[in-house]
Number of protein chains: 2
Amino acid sequence: MAVVFRHFLKSPLPSLSFSSSSLCLLSSFSSPSPRPQIFASSLPASSPMDNTPRKFMDFPFVTAPHRNLMIDLVSTVENRLQSQLKPCTLPPDVQYYYNQSGTSQGSLHIRSGHSSSQVDFILGSWLHCELPTGGALNITSLSAYVNASTDAPHFLIELIQSSPTSLILILDLTPRKDLVLYPEYLQTFYENTRLDSLRQTLEKLPEVRPYYSSALYIRCITSPTSIMIRVNTDGAEPGRMEEIVKHHVDPVAKEALGIWLDQCACGQRNVDEAEKAYLEKRDGLIKSKTIEIDIGSSFPRLFGPDIANRIIGVMREAYEG
Amino acid sequence: MAVVFRHFLKSPLPSLSFSSSSLCLLSSFSSPSPRPQIFASSLPASSPMDNTPRKFMDFPFVTAPHRNLMIDLVSTVENRLQSQLKPCTLPPDVQYYYNQSGTSQGSLHIRSGHSSSQVDFILGSWLHCELPTGGALNITSLSAYVNASTDAPHFLIELIQSSPTSLILILDLTPRKDLVLYPEYLQTFYENTRLDSLRQTLEKLPEVRPYYSSALYIRCITSPTSIMIRVNTDGAEPGRMEEIVKHHVDPVAKEALGIWLDQCACGQRNVDEAEKAYLEKRDGLIKSKTIEIDIGSSFPRLFGPDIANRIIGVMREAYEG
């Protein structure tokens, strides 16, 4: 729910191509029917399939290593920052939402930081969309934002699986400042932390190729050590994708999160009033552009205007504090 | 002479690896002898091999398609901007320089813009270094800088060939502003110009892989459409590298230069005093960091302190106006 929701239903007939020319997955998929017939649902939250409401931490529909990774990441953040976070107070129809035909469903989880905390909020989500080709698109993400009392980077991870053999991973500590103008910031958070070695670890896998978001703005907000990759296991032995997630993506993601928790969420930085204003302006721009690029156009087509407005409204509220 | 001179002689025994962990080529090579015995030469400029002074536009030692591309690019810039450029007034021992053993030689070409021009200066160079492994490293580059009367991007191309089957290409219109804070700038120079389609064209070649500079600062100064690739033709038919340079790199580089000339060097932009100060500060930082990363540590070891100081001094002078 961070950088990959765009143009979800743009093409009337979908093609499952993760070419570098497409921003994000959502630009490559259509709704199950050539002319979407999606109606907003305001029924009580329940699973379209079995009437059981799904929870955020269920991370349904994804493989066990993928689910375990997400559960571990969310648990690690929540345990470490426990005393700094308010409970999630989102209404049930935001914590779990779906369209009437049951082809698209999702979950949103937001916990704001207490006013004394450097953490602004954490935002987790999963999204499941059935594809007309018979498969499904599954996106899981976790973002953790700090506030303007620190200039440390935010945390972001997003896994996008469109088939058993295709996975996109976006993992980054997103910078809060123009790294060209602040080389000492680059050194502190990106050179000294040796974040690039994590990127290199994954790059060495033969199944890994770089992933270029077709939204140039998204490329701009990431750091020079950002991990934006496509994993393709076509032709490999069954279970290879699970193996890659478990033995390669999982440890890398956890190490990156550990660095963020130690150096960013819990590190002390001096920020004066002018810097604070700069951080607020820059963060604000990124957040509004991200919502616009990410889900602004895709969610209404996926879930209908009512549900889309509800979800986007909640996100805007979190983003704008 | 722009973004790839770093740590040239760091390792006593060289290894020709273009791994993503090494910034730039120069980090991967050593001098011909395990303990460099390089002496500064202050003799009149003459070729170490045949006593004929080499000229900038000779682009010696590289393949015909590579040389033709560089000649065409320099000619195109100089013809188009002719009336705006002063002649090159560099002393002969900067226009052509070499170490006493003749294992390293290079050429520098700088033409400043007239005060009425938006062009600050153009800087071309080639460098040839014999490698202890028997091959040679050849770097050719062309940068074109605009001044603070416009906020349009600079132009940069660099080709680094370390063997007949290995080429690194860096091609970019380098942004002058933080693209996160100036999305309309991103749109004008990077989205509307469709620069990313050029990157995609080269990315499709099976011999092409992304190239990551090990200097994170270098990654920060490039644009989201920058072309930073490694071409490897190991195992391909003889002549494949020349074919790639002639039929793929050449047209892409010329199209990028055409966009720069039309939209940047010759486009009109309104820049107020505050913006001008911002551009000068940001440009200044990039230039000083680039010299430091690029040639500051490698040139003294390659050419000895006297020649290195002379070349670096001339570059600093051009950069600092």
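What counts as what
Residues numbered from 1 in each chain as written. Chains lettered and ligands numbered in written order. Predicted model: local features only at pLDDT ≥ 70, side-chain atom pairs only at ≥ 80, totals over all residues. Heavy atoms only, no water. Helix = DSSP H or I, 4+ residues; strand = E, 2+ residues; numbered from the N terminus. Buried < 20%, exposed > 50% of the residue type's maximum accessible area, 1.4 Å probe, protein only. Contact = heavy atoms within 4.5 Å. Areas by Shrake-Rupley, 256 points an atom, 1.4 Å probe, with all protein chains shown as cover. Disulfide = S-S within 2.5 Å. Salt bridge = Lys/Arg side-chain N within 4 Å of Asp/Glu carboxyl O. Arc of directions from axis to C-beta. Axes fitted to C-alpha atoms, helices over the stretch in contact; angles between N-to-C directions. Parallel < 35°, antiparallel > 145°, perpendicular 65-115°, else oblique. Left-handed = near helix turned anticlockwise from the far one by under 90°. Nonpolar A, V, L, I, M, F, W, Y, C, P; charged D, E, K, R; others polar. Buried area = accessible area lost by both parts, 1.4 Å probe. Polar contact = N/O pair within 3.5 Å; in protein donor to acceptor, adjacent residues only side chain to side chain. Pairing = 2+ DSSP bridges. Least-squares fit on C-alpha atoms with pLDDT ≥ 70 in both. 1 Å grid on protein atoms, 1.4 Å probe; cavity = no way out; pocket = protein on both sides within 12 Å on 5 of 7 lines; lining within 4 Å. Points joined across faces, edges and corners; volume = space filled by probe spheres on them. Expected span 1.5 Å × (residues − 1).

Undergrad: For this particular structure, what's the right way to read the overall build of chain A?
TA: When you go through chain A residue by residue, the secondary structure sums to nine helices and eight strands. For chain A, buried positions account for 59% of its 321 residues. Taking as baseline every contact in chain A between residues at least 6 positions apart, the subset at least 24 positions apart corresponds to 65%. Total accessible area on chain A is roughly 12,500 Å²; 50% of this is exposed by carbon and sulfur atoms.

Undergrad: Mind showing me how you'd approach the state of the cysteines here?
TA: Note on terminology: a disulfide is the covalent bond linking the sulfur atoms of two cysteines. Going through the model one piece at a time under the given rule, you end up with zero disulfides over all chains. Cys220(A) provides the cysteine sulfur closest to Cys220(B), a residue in no disulfide bond, and the two sulfurs are 12 Å apart.

Undergrad: Would you mind going over the pattern of salt bridges with me for this structure?
TA: Oppositely charged side chains can pair when the atoms bearing their charge come close. All names here are of chain A. According to the stated counting rule, one finds 34 salt bridges over all chains in the structure shown. The closest approach of N and O atoms between Arg111 and Glu78, which form a salt bridge, is 3.4 Å. Note that Arg111 is positioned in strand β2 (residues 104-112) and Glu78 in helix α1 (residues 64-81), a separation of 33 residues in sequence. In this structure Glu78 comes out as buried when scored by relative accessible area, which is 13%.

Undergrad: What am I meant to see in helix α3 (residues 183-191) of chain A here?
TA: Residues spaced three or four apart along an α-helix face the same direction, because each turn holds 3.6 residues. Every buried residue of α3(A) is listed here: Pro183(A), Tyr185(A), Leu186(A), Phe189(A) and Tyr190(A). Projection of α3(A) onto a plane perpendicular to its axis shows the buried side chains occupying an angular sector of 145°, all on one side. Taken together, the buried residues of α3(A) touch β6 (166-174), α4 (195-203) and α6 (240-265) of chain A together with α5 (216-221) and α7 (273-296) of chain B.

Undergrad: Please clarify how the packing of helix α7 (residues 273-296) of chain A against helix α9 (residues 305-320) of chain A should be interpreted in this entry.
TA: Between two packed helices, the angle of one axis relative to the other and the distance separating the axes together describe the packing. All names here are of chain A. Two numbers describe how α7 lies on α9: the axes approach to 11 Å, and their chain directions differ by 160°. The orientation of α7 with respect to α9, classified from their angle, is roughly antiparallel. The element α7 and its partner α9 pack so that their crossing is right-handed. Each of Lys287, Ile291, Ile295 and Gly296 in α7 lies in contact with α9, whose residues at this interface are Ile312, Met315, Arg316 and Tyr319. In the contact of α7 with α9, the residues fall into five nonpolar, one polar and two charged.

Undergrad: Mind showing me how you'd approach the environment of Asp178(A) here?
TA: Tracing the sequence through the fold places Asp178(A) in the loop between β6 and α3. Its relative accessible area of 5% is what places Asp178(A) among the buried residues. A sequence separation of 43 residues divides Asp178(A) from Ile221(A), and the C-alpha atoms of the two residues are 9.5 Å apart. Those residues in contact with Asp178(A) that sit more than four places away from it in its chain are Tyr278(A), Arg282(A), Asp178(B), Tyr278(B) and Arg282(B).

Undergrad: Sorry, what's going on with the interface of chain A and chain B here?
TA: In many reports, interface size means the accessible area that the parts give up when they come together. Counting residues at the interface gives 30 residues for chain A and 31 residues for chain B. Approximately 2,700 Å² of surface area, both sides summed, lies buried where chain A meets chain B, with 65% of it carried by carbon and sulfur atoms. Viewed at the interface, chain B and chain A are joined by four salt bridges. Between Asp196(A) and Arg219(B) there is a salt bridge, with its nearest N and O atoms 2.7 Å apart. If you look at where chain A meets chain B, you find eight residue pairs in polar contact (both at pLDDT 80 or more). Elements supplying a minimum of two residues to the side of chain A that touches chain B: α3, α4, β7 (208-210), α5 (216-221) and α7 of chain A. The leading source of residues in the side of chain A that touches chain B is α7(A), at six residues. Looking at the side of chain A that touches chain B residue by residue, the classes come out as 16 nonpolar, four polar and 10 charged.

Undergrad: I keep staring at the pairing of strand β8 (residues 227-232) of chain A and nothing clicks. Help me out?
TA: The side chains of a regular strand alternate between the sheet's two faces. Sheet topology note: the β6(A)/β8(A) ladder contains six bridges and is antiparallel. Across the sheet, Leu171(A) pairs through a bridge with Ile227(A), a residue of β8(A).

Undergrad: How should I be thinking about the sheet that holds strand β1 (residues 97-98) of chain A in this particular structure?
TA: Strand pairing in a sheet relies on backbone hydrogen bonds, with the paired strands running either antiparallel or parallel. All names here are of chain A. Taken in spatial order, the eight strands make up an open sheet running β1-β2-β3-β4-β5-β6-β8-β7, and their pairing is antiparallel. Whereas interior strands pair on both sides, the edge strands pair on one side only; in this sheet they are β1 and β7. α6 contacts β3 (119-130), β4 (136-146), β5 (154-163), β6 and β8 of the sheet and is inclined by roughly 10° relative to β6. Set on the sheet, α9 makes contact with β1, β2, β3 and β4; between it and β2 the angle comes to about 20°.

Undergrad: Please clarify how the sheet that holds strand β4 (residues 136-146) of chain B should be interpreted in this entry.
TA: Residues and elements named next belong to chain B. With antiparallel pairing, eight strands are arranged side by side in an open sheet as β1-β2-β3-β4-β5-β6-β8-β7. Unpaired on one side and paired on the other, β1 (97-98) and β7 (208-210) mark the two borders of the sheet. Sitting on the sheet, helix α8 (residues 298-320) is in contact with β1, β2 (104-112), β3 (119-130) and β4, with an inclination near 5° to β2.

Undergrad: Can you walk me through the relation of the copies chain A and chain B in this structure?
TA: Note on the chain copies: they are related by a rotation about an axis and a translation along it. Least-squares fitting of chain A to chain B yields an RMSD of 0.0 Å, with the superposition described by an axial translation of 0.0 Å and a rotation of 180°. Viewed as a symmetry operation, the transformation between the two copies matches a two-fold axis. The rotation axis passes nearest to the C-alpha of Asp178(A) in chain A, at a distance of 2.9 Å. Here 100% of the contact residues of chain A are again contact residues in chain B; the copies associate through an equivalent surface.

Undergrad: Even after reading the chapter, I still don't get the side chain of Asn99(A), so can you show me in this structure?
TA: Residues and elements named next belong to chain A. Examined against the element boundaries, Asn99 turns out to sit in the loop between β1 and β2. Overall, the relative accessible area of 0% leaves Asn99 in the buried class. At 2.9 Å, the side chain of Asn99 and the side chain of Thr103 are in polar contact.

Undergrad: For this particular structure, what's the right way to read the layout of surface pockets?
TA: Take a probe with the size of a water molecule and roll it over the atoms, and the empty space left behind shows itself. All names here are of chain B. By volume, the second largest pocket amounts to about 540 Å³. Along the walls of the second largest pocket sit 28 residues, with Ser112, Asp120, Glu317, Ala318 and Gly321 positioned nearest its centre. When residues of the lining of the second largest pocket are traced back to their parent elements, those giving at least two are β2, β3, α7 and α8. When residues in the lining of the second largest pocket are grouped by element, the largest group, six residues, is from α7. Looking at the lining of the second largest pocket residue by residue, the class counts come to 11 nonpolar, seven polar and 10 charged.

Undergrad: Would you take a moment to explain α9(A) for this structure?
TA: Residue and element names in this part refer to chain A. In a regular helix each residue adds 1.5 Å, so 16 residues correspond to 22 Å; α9 covers 21 Å between its end C-alpha atoms and thus fits that length. Residues Ile307, Ala308, Ile311, Ile312, Val314, Met315, Ala318 and Tyr319 constitute the buried set of α9. Seen along its axis, α9 keeps its buried residues to an arc of 155°; they face one direction. Opposite the buried face of α9, by more than 90 degrees, sit the exposed residues Pro305, Asp306, Asn309, Glu317 and Glu320.

Undergrad: Sorry if this is basic, but what is going on with the environment of Gln82(A) here?
TA: Residue and element names in this part refer to chain A. Relative to the helices and strands, Gln82 resides in the loop between α1 and α2 (92-95). Judged by its relative accessible area of 40%, Gln82 falls in the partly exposed class. Each C-alpha atom of the pair Gln82 and Gly113 lies 9.4 Å from the other, and the pair is 31 residues apart in sequence. What Gln82 contacts, discounting residues up to four positions off in sequence, is Val77 and Arg111.

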